[in-house]
Amino acid sequence: MKIHRNALCPCGSGKRFKHCCGKPDSPVQTVTVSEAMAIAAHFQQNGQLANAEAIYRQILQIQPDWAQAYHQLGKTLVAQDQVEEAIRCYQQALQLQPDLVVVHKDLGDIFRIQGQLEAATTCFQRVLELDPADTGTRIKLATLRPVIMGLHQDILAFRQQFENQLDTLLASQFHLDYPEQETGVTNFYLAYHGLNDKTLQIKLAQLYEQVCPSLLYVAPHCQQKSAPIVQRKIKIGFISRFFKNHTIAKVMGGIMANLSREQFEIHVFFFPQLMDESAVFIQQQADYFETLPLVLATARQQIADKQLDILFYPDIGMESFTYFLAFSRLAPVQCTTWGHPVTTGIRHIDYFISTVDLETATSDEHYTEQLVRLPSQITFYYKPDLPPAFPKTRHDFGLAESDHLYICPQALFKFHPDFDEILAEILARDPQGLVILVAGFHQHWTELLQRRFQQTIPTVIERIRFLPRMTLSDYFNLLSLVEVMLDPLPFGGGNTSYEAFALGVPIVTLPIPFLRGRFTYACYRQMEIMDCVADNPQHYVDITLKLGTDPSYRKLIQQKILTRHQILYEDIRVVRELEQFFLTAVRNA
């Protein structure tokens, strides 16, 4: 295989070929195709995805009938969010070699993520035809669930079917060696149903414990009660795959930056990823920083070697690797919080950190962890750095000046069918109203939600506008142009609320008994502004319409928010309260 002189050198140096093995005096001018595949795999495993992609493409120019090369190119494209081209690569691999089990699996995973359940089912069933002993795929089939919810009765039927399938699997004898690779499935989408997920979370965790007992690894320093900490700092580790330009980095970065370095030694665990500005900021807050491999046993051992006192998972259930890691006991105190605002069901997670305003008197019943209610807020959030003025007008977004804009810029899987009726009534009572949504991360998500709207609220669907995904600066510009933000129910906004309040945008909210629907309410409680908090769906609509159609009232609420919103940002009370909790938890461990 000849290498172009300007291509990256396949030796793995990261240099251009002409400056490395392709130098005139270099004896190495070619590599075999097999050697190139190994080099590309090395790049891929270390997160150097562009390098891996370039080599796989070169390989396929030389050997276009190699199914495995198409498969690996597809995996690299998936990791770079180039999903449609990845699907074509997988399909080409199966045309060349129809019985490649691993490609059927990976193609099924893409369809599952996109919400194409029939296509995903076909792929997973084909896997079981080729390999009936594949436990991981059997679990994937059992846990296959819609990304975009159907009707209310469909949700209830799915949950009952899901629980029945878990019971069946629990009564069977299956085994997994590498759950993070063989299933990669959590209960992520259950939280958006707006119901108590505790029983289902427990059963899924019990299933994984049963099929893979090694998940319950206990680090040596946790196998006996630790001695009191004397004359040293408490070692606390923070771990997430979302320490990058993501909500999790926004809500955790300030906490890590402001924890007392006299009392705590901060360890931060990353995974192979591009180091964007948020990742660099979080890395700078760490006393010790380590990148973990995406191999469960190795990552587990590397964390155990640090002999931490506390291990903090901000978002258990958002993705599968840290979910499975959390089954282990890697520190005497292990806790999680609202990054994914639902109980984990995992026995080795001791505490769920929340706040008084985010919970109700009966909230303890929703958690397998011990619930911690902090007195003030849940995050030390840096106020967005906003320009003095925004350059774009409504016209730039394809919107009319006469429209009353009701924006709900949430991920589309947050849209519960019960919320459809609220949107319909808002639009029915305001002929100038326009509901603004943001297109899904996958085009199929948008199509699925539009299809449901056509079924549930067909008379107003023409006034529900999906805008394309946009840059953060354009998003803030858009927020500055709307009348009202709608907090969806039962799963409301979190990061979006902090961003909107920075601009003084009124948000209408209806709190529910679960944490996931109380973030905006909790912000209003901190600001002591309750004008936009509804008691019931009808009240929600009434508040929305008053804000949307009465400019003087809207200006009054905006001014209240702008006068009082500073309490939401960079609130050092949060950090001090967390420090006190950490100290108490370590003493009690």
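Look a little higher up for the structure.
The sections below set out a description of the structure shown in this document. (Residues numbered from 1 in each chain as written. Predicted model: local features only at pLDDT ≥ 70, side-chain atom pairs only at ≥ 80, totals over all residues. Heavy atoms only, no water.)

1. Quick word on unusual backbone geometry
Okay, so step 1: Each neighbour pair has its own omega, and for leucine 489 with proline 490 the value is 15 degrees, a cis peptide bond.
Okay, so step 2: Position of proline 490 among the secondary structure elements: in the loop between strand S11 (484-486) and helix H18 (495-502).
Okay, so step 3: At glutamine 307, a position not held by glycine, the phi torsion is positive, near 50 degrees.
Okay, so step 4: Looking at the secondary structure, you find glutamine 307 in the loop between helix H13 (296-304) and strand S4 (310-313). (Helix = DSSP H or I, 4+ residues; strand = E, 2+ residues; numbered from the N terminus.)

2. Some points on helix H7 (residues 135-142)
Because each turn of an α-helix spans 3.6 residues, side chains separated by three or four positions in sequence point in the same direction.
Okay, so step 1: Of all the eight residues making up H7, six are buried; the element is thus mostly covered by neighbouring parts of the structure.
Okay, so step 2: Considered for burial, the residues of H7 that qualify are Thr135, Gly136, Thr137, Ile139, Lys140 and Ala142.
Okay, so step 3: Here the buried face of H7 lies against helix H5 (101-114), helix H6 (117-130), helix H8 (152-170), helix H9 (179-182) and helix H10 (198-211).
Okay, so step 4: Among the residues of H7, the N-terminal cap falls to aspartate 134, whose side-chain oxygen and the backbone nitrogen of glycine 136 are separated by 3.2 Å. (Buried < 20%, exposed > 50% of the residue type's maximum accessible area, 1.4 Å probe, protein only. Contact = heavy atoms within 4.5 Å. Polar contact = N/O pair within 3.5 Å; in protein donor to acceptor, adjacent residues only side chain to side chain.)

3. Focus on the nonpolar core
Okay, so step 1: Core analysis: the biggest nonpolar cluster contains 121 residues, and Tyr540 and Phe582 have the highest contact counts within it.
Okay, so step 2: Top element by residues in this core is helix H22 (residues 572-588). It accounts for eight residues.
Okay, so step 3: Domain assignment of the residues forming this core places at least three in each of domain 2 (233-382 + 572-588) and domain 3 (394-568).
Okay, so step 4: Sequence-distant contacts of phenylalanine 582, defined by excluding residues within four places in its chain, comprise Ile236, Leu259, Phe264, Ile310, Phe312, Cys335 and Ile353. (Core = buried A, V, L, I, M, F, W, Y, C linked by side-chain atoms within 4.5 Å. Domains from an automatic or database assignment.)

4. Overview of the sheet that holds strand S6 (residues 351-355)
Okay, so step 1: Spatial strand order, S3-S2-S1-S4-S5-S6-S7: seven strands in an open sheet with parallel pairing. Each of the sheet's edge strands pairs with one partner strand only, and the pair in question is strand S3 (288-291) and strand S7 (370-374). When the angles between neighbouring strand axes are averaged without regard to direction, this sheet yields 25 degrees.
Okay, so step 2: Inspection of the sheet shows strand S1 (residues 234-239) paired to S4 by three bridges, in the parallel sense. Bridging from a neighbouring strand, glycine 237 pairs with leucine 311 of S4. (Pairing = 2+ DSSP bridges. Axes fitted to C-alpha atoms, helices over the stretch in contact; angles between N-to-C directions.)

Just geometry here; none of it tells us what the structure is for.
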